[in-house]
Amino acid sequence: MLSYQHIFHAGNHADILKHLTLFFVLSSLNKKEKPYTYFDTHSGSGLYDLLDNRSQKTSEAAKGISRLISSKKMISGSHPLLNDYLSLIDRYYSKNFYPGSPEIARMLSRAQDFIVLSELHPKEVDNLKKNMLHPEFEGLCKNVQVHNRNGFEMLKALTPPKTKRGAVLIDPSYEETSDYINCAKTICAVNKKWTNGIIMLWYPLLAHREAEINQMLNEIQTSARSVNPNIEICDLRLEIASKDSHKEMSLKEYEQSEKNPPRLYGSGMLVLNAPWKLEEEINNELEVISSFVSSTSQQSFGINA
């Protein structure tokens, strides 16, 4: 669907999990001089103005990334990964922006690397093209392609990349049930022909979609292990509320609700061909993150299905 706009949710708890994982993966790829290709199937606009009235309307950044940034001094000592991630984010946050995954990749990737972005929403893809050339934030990677096409189709058509090394982030809105099916089909197909590619799938934790989520994850992992029984698979989860706290409602009902009950209780990241120590280090940081963004954090999510 083309109704979803991520600016309503930029900087929320889901972004923190997603982007911290992305930060670790790209940092791991940077340890070798050989070039790599990064694919982003649902890129959005890549950069979000936190003073925009859409962002202000939901206040999700205030309940997510703002809490971590304000607690950065408390975190810095024993959590180097989280501190490095926050240092990057703070370059934008100090100017009232939050970087999406394309912008994070543009800043971390090097001159020899390649970034391939896909966005179907016509307005968002125009913003994405402009933001990839944003004068305030000079990125390292200059090899950036932006496609106005279906991200699943783009990924299947362009993999494996010429660089052989690389990673992909898949994070649809899940506004339609078909997204769960398309994620599984696409990842299974891509993993079979790009067996060493790092595949990152973000998914929501929704009580009423538990069956679809589990079926998607099981199908992907079963297929991946049939290709390589020794493949390293990580399933990372950040839960900001209990499962039974989830209240199914329309976005309009959520906006009119005084208490704003959560419309999802967390999110997950499934990673195929996970880099060494990814699970250990991310889970270590999630314990800290959850202490700041859970319990009193009543965040929304753009899912009506």
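All figures in this text were calculated on a predicted structure; none of them were measured in a lab.

S.K.: How would you sum up the side chain of N273? Please name residues and give values.
M.R.: Checked against the element boundaries, N273 lands in the loop between β9 (266-272) and α13 (278-293). Note on N273: relative accessible area 16%, which makes it buried. Of the polar contacts made by the side chain of N273, one reaches the backbone oxygen of T195; its length is 2.8 Å.

S.K.: Could you give an account of the layout of surface pockets, with specific residues and numbers?
M.R.: Volume-wise, the second largest pocket comes out at about 300 Å³. Around the second largest pocket sit S28, L29, K31, K32, R165, G166, N196, I198, N273, P275 and W276, which together line it. Of the residues belonging to the lining of the second largest pocket, the class tally is 4 nonpolar, 4 polar and 3 charged.

S.K.: Before we move on, can you summarise unusual backbone geometry with the specific residues and values?
M.R.: Residues T159 and P160 are joined by a peptide bond in cis, for which omega reads 0°. In this fold, P160 is placed in the loop between α9 (151-158) and β6 (166-170). Although it is not a glycine, N96 sits at a positive phi angle of roughly 70°. Structurally, the position occupied by N96 is in the loop between α6 (80-93) and β3 (97-99). Under the relative-accessibility criterion, N96 is labelled partly exposed at 35%. Phi at K164 is positive, roughly 70°, even though this residue is not glycine. By secondary structure assignment, the location of K164 is in the loop between α9 and β6.

S.K.: Describe the pattern of salt bridges, listing the residues and the values that go with them.
M.R.: Under the criterion given, the structure shown has 6 salt bridges. When the shortest N-O distance is used, the salt bridge between E103 and R106 registers 2.9 Å. With E103 and R106 both in helix α7 (residues 101-108), this residue pair falls 3 residues apart, about one helical turn. R106 matches E103 in its accessibility class, with the two residues each being buried. Its salt-bridge partner being R237, residue D235 comes within 3.7 Å of it at the nearest N-O pair. Within the structure, one salt-bridge network assembled from shared partners comprises D15, K18 and D171.

S.K.: Can you tell me about the side chain of T159, naming the residues and giving the values?
M.R.: Locating T159 in the fold gives a position in the loop between α9 and β6. Polar contacts involving the side chain of T159 include one to the main-chain carbonyl oxygen of L155, which spans 2.6 Å.

S.K.: Any chance you could break down the packing of aromatic side chains for me, citing the residues and the numbers?
M.R.: Taken as a whole, this structure holds 4 aromatic pairs when the rule is applied. Relative to Y85, the ring of F23 lies with its centre 6.5 Å away and its plane at 75°, an arrangement referred to as edge-to-face. With F23 in helix α1 (residues 13-29) and Y85 in helix α6, the pair connects residues that are 62 residues apart, well separated along the chain. Y85 gets classed as buried once you look at its relative accessible area, which sits at 0%. Measuring from centroid to centroid gives 5.9 Å for Y174 and W202, while their planes differ by 55°, and the two rings are tilted. Of the two residues, Y174 sits in the loop between β6 and α10 (178-193) while W202 sits in strand β7 (residues 198-205), which places them 28 residues apart along the sequence.

S.K.: Help me get a handle on the environment of P275, residues and values and all.
M.R.: For P275, the location among the structural elements is in the loop between β9 and α13. Distance in space between the C-alpha atoms of P275 and S28 is 6.8 Å, their sequence separation being 247 residues. Setting aside chain neighbours within four positions, we find P275 in contact with F24, V25, S28 and I198.

S.K.: Can you explain the nonpolar core? Please cite residues and give values.
M.R.: Among the nonpolar cores identified, the biggest contains 87 residues, and Y38, Y85, I170, M200, L201, M216 and I289 are the most heavily contacted of them. Looking at this core, the element that brings in the most residues is α1, giving 10 residues.

S.K.: Break down the confidence of the model for the protein chain for me, with residues and values.
M.R.: In the predicted model, the protein chain carries a mean pLDDT of 85, and the fraction of residues at 70 or more is 82%. Note that pLDDT drops below 50 for residues 295-305; the model gives that stretch 55 contacts with residues more than four away or on any other chain.

S.K.: I'd like a description of the sheet that holds strand β8 (residues 233-239), backed by residues and values.
M.R.: Strand order in the open sheet formed by 7 strands is β5-β4-β1-β6-β7-β9-β8, and the pairing between neighbours is mixed. With one partner strand each, in any of the chains shown, β5 (144-147) and β8 form the two edges of the open sheet. The average angle at which neighbouring strand axes cross in this sheet is 15°, direction not considered. In terms of strand pairing, strand β4 (residues 114-118) meets β5 through 4 bridges, oriented parallel. Bridging across to β5, L117 finds its partner in V146.

How each quantity is defined
Residues numbered from 1 in each chain as written. Predicted model: local features only at pLDDT ≥ 70, side-chain atom pairs only at ≥ 80, totals over all residues. Heavy atoms only, no water. Helix = DSSP H or I, 4+ residues; strand = E, 2+ residues; numbered from the N terminus. Buried < 20%, exposed > 50% of the residue type's maximum accessible area, 1.4 Å probe, protein only. Polar contact = N/O pair within 3.5 Å; in protein donor to acceptor, adjacent residues only side chain to side chain. 1 Å grid on protein atoms, 1.4 Å probe; cavity = no way out; pocket = protein on both sides within 12 Å on 5 of 7 lines; lining within 4 Å. Points joined across faces, edges and corners; volume = space filled by probe spheres on them. Nonpolar A, V, L, I, M, F, W, Y, C, P; charged D, E, K, R; others polar. Salt bridge = Lys/Arg side-chain N within 4 Å of Asp/Glu carboxyl O. Phe/Tyr/Trp six-rings, centres within 6.5 Å; stacked < 30°, edge-to-face > 60°. Contact = heavy atoms within 4.5 Å. Core = buried A, V, L, I, M, F, W, Y, C linked by side-chain atoms within 4.5 Å. pLDDT = per-residue confidence, 0-100. Pairing = 2+ DSSP bridges. Axes fitted to C-alpha atoms, helices over the stretch in contact; angles between N-to-C directions.

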